[in-house]
Every structure is written in structure tokens, then in C-alpha cells.
Amino acid sequence: MAAALALPLVSGCTAAPRVRPVKMGDVDTGANSVESVRRQLKGTWELVSLDVVEPSGQKVPAQATGRLTFDEYGNLAMKGTVTGGPNLDPSALNLTGRVTIDPDLHAIRIGGVSAANADAKRIDPKLDASNVRYYAFEGDLLKTTLKNPSGVTTATATWKKVE
């Protein structure tokens, strides 16, 4: 009889959650971490120079202006124009996307490229956004380098931080 009375009391209890939140450690902010690179990239950069590497290996400067903006959420926006030099599409410096950073390879990949219209999204194959951009910080300058699938440099842009 006691068991029959206790059964409704025991079966009426709700179970406690079995999964507890996992306590995580601090974000790695060391010199070669994603967070460190994000902090260095964050801000507004002006294009100082754009060099296109011809198939012969010769660097050819392009007359270009541009602005690169990187925010704290990993969004990158480039707006610029190419006015002279190698045969480049003028829309080559106009794209917006989300950046994935690989600090070990010193590489960034721009994904989810978007633009206001189809013409702005069109990208010259020499500066294709699907290529990984390799980065290097040199003082207050940022150098981004594009390489083709064979690992040969196809273009280098030099940016100066303004904000």
C-alpha cells in the first residue's frame, strides 16, 4: 500500500536537464590568433598601390583608388576604381563579404560576396574573390596578395590604415 501511494509522487517529478553548459576558456588573443588579426584588420584602409603580375612575372602598377573597411563582426567591404594600367575590369575593387581568417597561413577568404547590382558584383578574373588573399602587416600598412591555384602571385594591393 505504501508503494502504491509513493508511485504518484515519484512519477510526477520532472527530470533535471542532463546537459549542462560547458564553461569555455578565454579567447586566444596572442600574436598569431584570429582575434589578434581581427583587431589589426578592424578599421578603414585606403589603397596605396595595386600591382598586377603579368604571366611573364613582371609587376605592372595599376592606377587605382579604393577603400577597404573591416568591422568587428568579420564583414569586409571594398569600394574602388581602376582607372589605368593593366587591362582590369573597373569593378575589380567593389565587393562586400564575410571574412574567414587563417592566422597560420596568413590568409583570408572572402565568402558570401554581395553587391548592390550585378555590375558591381562582376569581378575581374585576375582579382577573383574566390581566391584566397594572403596578408602581411608591415608597420601601418596592410599588404594583400592574390595567388592563383598554382601558388603564383597574380596581384598585390597595399593599404594604409586611416581610421
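Residues numbered from 1 in each chain as written. Predicted model: local features only at pLDDT ≥ 70, side-chain atom pairs only at ≥ 80, totals over all residues. Heavy atoms only, no water.

Moving on: unusual backbone geometry. It is generally the case that most residues other than glycine have a negative phi and that most peptide bonds are trans. Unlike most non-glycine residues, His 106 shows phi in positive territory, near 55°. Within the fold, His 106 resides in the loop between strand 4 (95–102) and strand 5 (107–114). The class for His 106 is partly exposed, based on a relative accessible area of 40%. (Helix = DSSP H or I, 4+ residues; strand = E, 2+ residues; numbered from the N terminus. Buried < 20%, exposed > 50% of the residue type's maximum accessible area, 1.4 Å probe, protein only.)

All right, on to the layout of surface pockets then. There is about 170 Å³ of room inside the largest pocket. Listing elements by their share of the lining of the largest pocket, those giving two or more residues are strand 1 (43–53) and strand 8 (153–161). Its residues placed into classes, the lining of the largest pocket shows 4 nonpolar, 4 polar and 2 charged. (1 Å grid on protein atoms, 1.4 Å probe; cavity = no way out; pocket = protein on both sides within 12 Å on 5 of 7 lines; lining within 4 Å. Points joined across faces, edges and corners; volume = space filled by probe spheres on them. Nonpolar A, V, L, I, M, F, W, Y, C, P; charged D, E, K, R; others polar.)

So, on to the nonpolar core. With 22 residues, the main nonpolar core has Leu 41, Leu 47, Leu 50, Leu 76, Val 99, Ile 101 and Trp 159 as its most contacted residues. Of the residues forming this core, the biggest block, 4 residues, is contributed by strand 2 (residues 59–70). Not counting residues up to four positions away in its chain, the partners in contact with Val 99 are Phe 70, Gly 74, Leu 76, Ile 108, Arg 109 and Ile 110. (Core = buried A, V, L, I, M, F, W, Y, C linked by side-chain atoms within 4.5 Å. Contact = heavy atoms within 4.5 Å.)

Looking at where Asp 51 falls in the secondary structure, it is placed in strand 1. Buried and unpaired, Asp 51 has no salt bridge, with Lys 59 as the nearest side chain of opposite charge at 4.8 Å. Beyond its immediate sequence surroundings of up to four residues, Asp 51 is in contact with Lys 59, Val 60, Pro 61, Thr 154, Ala 155 and Thr 156. (Lys, Arg positive; Asp, Glu negative; His and termini not counted. Salt bridge = Lys/Arg side-chain N within 4 Å of Asp/Glu carboxyl O.)

Secondary-structure assignment places Leu 76 in strand 3 (residues 75–84). Once you skip the residues sitting within four places of it in the chain, Leu 76 turns out to touch Leu 68, Thr 69, Phe 70, Leu 95, Thr 96, Gly 97, Val 99 and Ile 110.

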